[in-house]
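Summary of the model geometry
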Amino acid sequence: GRGYFSAQDCVYSPPEPLRFRELVGRGEYLRRLDDLYRARAEAFLTPVEVFRPWYSRAIGRYVLEQVEELGRTRQPLRIYEVGGGNGTNAKHILDFIKEAAPALYEQTSYTLIEISAEMAERQRQ
């Protein structure tokens, strides 16, 4: 069985992310989100996909702030993500760390924990 996942792609990455700064209020955000769901009714949209790469870059920035605050910039960084979907979050977090802290990036491992064989294969790509 496929578990939660259907035979179709269920984690949807819109062709173009929403540009948060261009949204005028919550109402416009909800209308745009509704449009995305109407385009792929069977899909599951996450903020990672809708606001890529910025949502994940914000997470990456937070991770780096915590590493610095704890004084662990010279120690290996291990990140675990449960249910990584398309792997978009991992890609953009790692891209951010590589850009912002190249030495730490070289010591970073990122593990995706995934119960779906189909999703795990997609993440490897």
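Anyway, here's the lowdown on the structure attached to this text. (Residues numbered from 1 in each chain as written. Predicted model: local features only at pLDDT ≥ 70, side-chain atom pairs only at ≥ 80, totals over all residues. Heavy atoms only, no water.)

We now examine the pattern of salt bridges. For the structure on display, the rule yields 5 salt bridges. Across the pair Arg19 and Glu16 runs a salt bridge whose closest N-O atoms are separated by 3.7 Å. With relative accessibility at 42%, the residue Arg19 sits in the partly exposed group. Note that Arg57 is salt-bridged to Glu99, the shortest N-O span being 3.0 Å. A residue pair is termed long-range when its members are at least 10 positions apart, and Arg57 in helix H3 (residues 54-69) and Glu99 in helix H4 (residues 88-100) qualify at 42 residues. Using a relative accessible area of 17% as the deciding quantity, one classes Arg57 as buried. For Glu99, a relative accessible area of 54% corresponds to the exposed category. (Salt bridge = Lys/Arg side-chain N within 4 Å of Asp/Glu carboxyl O. Buried < 20%, exposed > 50% of the residue type's maximum accessible area, 1.4 Å probe, protein only. Helix = DSSP H or I, 4+ residues; strand = E, 2+ residues; numbered from the N terminus.)

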